[in-house]
Every structure is written in C-alpha cells, then in structure tokens.
Amino acid sequence: MKTNIRKLLLMGMVTFLATVPLVAQSATVNNALVGPGPANDPYPTPPGGTATYGTSTTINGGIFTVAPDNSGTGSGAFNPFLRTNNNGNTEVEEGFNTDYDPAPLDAIKGVHTHSVKLSDLTSITYNSEQYIRLFLDLGEPESVVINRNKTELNPLISLLELELFVNTSTGSVSKYADLGTKVWDLDGLVDTTLTLDYNILGGGNGKYDIVALFKASLFANFASDDYFYLYNKFGIETVSPPEYASQGTFEEWAFDTTGNPLKFGCENPDYAAAHQDECGGTPPFNVPEPDSIALLGVGLLGLAMSRKQKRL
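- Looking up the chain in an unreviewed UniProt entry gives the name PEP-CTERM sorting domain-containing protein, with the organism given as Methylomonas rapida.

### As for the side chain of T98
Argument step 1. By secondary structure assignment, the location of T98 is in the loop between β5 (92–96) and β6 (116–117).
Argument step 2. In this structure T98 comes out as buried when scored by relative accessible area, which is 1%.
Argument step 3. In this structure the side chain of T98 is engaged in a polar contact, spanning 3.1 Å, whose partner is the backbone nitrogen of Y100.
Argument step 4. A distance of 2.8 Å separates the side chain of T98 from the backbone oxygen of V173, its partner in a polar contact.
Argument step 5. Contact partners of T98, with chain neighbours within four places excluded, come to P104, K109, T113, H114, S115, G171, S172, V173 and Y229.

### Some details on the environment of D187
Argument step 1. The residue D187 is located in the loop between β12 (181–185) and β13 (191–197) in this model.
Argument step 2. With 128 residues separating them along the chain, D187 and I59 place their C-alpha atoms 8.4 Å apart.
Argument step 3. The residues touching D187, leaving out its near neighbours within four places in the chain, are N60, L160, E161 and T192.

### Examining the nonpolar core
Argument step 1. Core analysis: the biggest nonpolar cluster contains 41 residues, and F64, F228 and W253 have the highest contact counts within it.
Argument step 2. Here this core gets five residues from one element, more than from any other, and that element is strand β11 (residues 156–167).
Argument step 3. F78, Y131, F135 and Y208 belong to the second-largest nonpolar core, a separate cluster that totals eleven residues.

### Looking at the pairing of β11
Argument step 1. Counting buried residues along β11, twelve of its twelve residues qualify, which places the element largely inside the surrounding structure.
Argument step 2. As defined by bridge partners, β11 adjoins β13 across four bridges and the pair is classed as antiparallel. What sits directly across from S158, in β13, is T195.
Argument step 3. As paired elements, β11 and strand β15 (residues 227–235) share eight bridges and run antiparallel to each other. In the sheet register, L162 faces β15, and the bridge partner there is N232.
Argument step 4. Where β11 lies against β12, four bridges are found, and the strand directions are antiparallel. Bridge pairing links F165 to K182 in β12.

### A word on the layout of surface pockets
Argument step 1. In this structure, the largest pocket occupies an estimated 270 Å³ of space.
Argument step 2. Those elements that provide at least two residues to the lining of the largest pocket are β8 (129–137), β17 (260–261) and α2 (269–274).
Argument step 3. A class-by-class count of the residues in the lining of the largest pocket yields four nonpolar, six polar and four charged.

### Some words on the environment of L134
Argument step 1. Looking at where L134 falls in the secondary structure, it is placed in strand β8.
Argument step 2. Owing to a relative accessible area of 0%, L134 belongs among the buried residues under this scheme.
Argument step 3. Along the primary structure L134 and F255 are separated by 121 residues, whereas in three dimensions their C-alpha atoms are 4.5 Å apart.
Argument step 4. Look past the residues within four positions of L134 in its chain and what remains in contact with it is F81, I210, V211, A212, F214, F228, L230, W253, A254 and F255.

The rules behind each value
Residues numbered from 1 in each chain as written. Predicted model: local features only at pLDDT ≥ 70, side-chain atom pairs only at ≥ 80, totals over all residues. Heavy atoms only, no water. Helix = DSSP H or I, 4+ residues; strand = E, 2+ residues; numbered from the N terminus. Buried < 20%, exposed > 50% of the residue type's maximum accessible area, 1.4 Å probe, protein only. Polar contact = N/O pair within 3.5 Å; in protein donor to acceptor, adjacent residues only side chain to side chain. Contact = heavy atoms within 4.5 Å. Core = buried A, V, L, I, M, F, W, Y, C linked by side-chain atoms within 4.5 Å. Pairing = 2+ DSSP bridges. 1 Å grid on protein atoms, 1.4 Å probe; cavity = no way out; pocket = protein on both sides within 12 Å on 5 of 7 lines; lining within 4 Å. Points joined across faces, edges and corners; volume = space filled by probe spheres on them. Nonpolar A, V, L, I, M, F, W, Y, C, P; charged D, E, K, R; others polar.

Listed below in structure tokens is the structure:
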C-alpha cells in the first residue's frame, strides 16, 4: 500500500512540474557608466546619463569606475597591452592580447598589443582586499554629423564581452578557443552589457576613461610565469535594449605597474586558507618560533647522546 502511495505522489509531482513553465537561465542586464552630456545640447541623442568622475558599478566582483581626469602624452602613454579596432566593421569589434602575428580578430598588431605574464601585473589594496588594476582608453568621437540639420552626440560604446584568462604555456595564442583557463567573465551567469561614455573626460586617445579592478585572488593558484589574456568585444548585437557601436579609432587596455607583485599559491592568504592541507594550516602558517626550534635541537642532541651511551 505504501509503495502505491509513493508511486501516486511521484506521478503527481511529475505532472505538476510538467505544467510549470520553465524559467530562463539567463537574462540581460544593462549597466551604464554614461555621463550627462552638454547641458545646452538641443539633440540629446543618445540620452544622457548621470555618471561623473568616480561613478562605479560592480559586476561579478569586478569594479568599473569612471576615471578621474588624467593627462597623457598621446596614444600609448600608459603601458597598453591590447588595442582593438573594428577595421571597417560598423557593428562589432573584438580581440585579445597576444604575440601572435598577424593579430587575430580585430586586435591591432604592434607594440601596443602583446603578451602579458602574471608577473607583469601588480596589486593594490581596495576596501581591505587585493585587486589588479586595469585602465581602458575609449577612442570614440565626441560628435557625429548625421545630416545637414543635426549634429548628434555619439560618444557611447557598449562593452558586450569581457573575459580574463590564464594560459600556462604560451603568450602567442592565435584562436579564442585556446586562450586557456577563464578566471573572470562579464556575463557570468547573466548576460551583461556595460555601456560606456567617452565624453565624460572629454579627452582623446592617451587618456584612460575607465578604471577596472579585479580580485588578485583570481590568480592565486597559478604561477608568475603563466600568461594573462584579456578578451573584449564592443558594439551592437541587439537593438532593444539599445547598444552602441565603435565609431572612432580604437579601444585600448593597459595595466597598472605601480602596485605590489602578485602573490601565488601558499604565499597568497586567500589561496592558503582554501588549501590548508597543502599549505600547512591557515595563515599565519604554523612555523615554529626560534626558541622552539632551539629547544627541539637540544632535545634531539640529548636523545642522540643517550643512545650513544647505551651503545658504549
């Protein structure tokens, strides 16, 4: 009798679940770091936002902030490692840093697109945590002439994809599929677009517009000689909600060299805490104090002398 009741309950549950509509596993989230635009603009298209210097948004633990005003000495002024340009494609541009020649996808080959080792990166302390800091320079136009009667401000660009990888063998990857182990993704479990505004700083190439922070612990279980890859995609893939294509020169990423060297493996507190068996306990590790070591030595010496006397 109990078996029959269980069967009936199971059949009822299956029938109920079959009638419940499935919920999509992902949705689209649009984050924006878009400035207000000129107050006297008679044609505010695309509509202005509210972002100013220091405005931030956090996505999957990555922090994106409108940069403070900064002065460069022109293009390539702040250690770039990746430049991406649409090369005539008005919808989407994508690329990743590499030493491979010719540069894959829409990356611009040259001294400003190249491999990066984890030992090249540094970390800073922010809110009591360690982060690597990257800079993004947007090469969008301040204005675009649409027709004789209207000049439309168009400094926006949509960041569709941003992914960080570590490759343990090469800095000359030629295909996206070979970039290595993905450690961070703009999308994560949710499809996310980040719309950015070139015109908040009102500068050209050579000024960075966005500061991006990523937790240094993402790289804790790798080695300093491993390679760091950044893949990005900008442009338009949907019209609702609106997205904005690249219309200028290029988008350029650089890394900060002013922080502290990254820590790997057991020297990284986050890694050590998660790998206590490997690292010998939680930080600070269980290292004997000098006095304890001395006492241990005396004890061993006494034991050895005792055994020697017995042999005599």
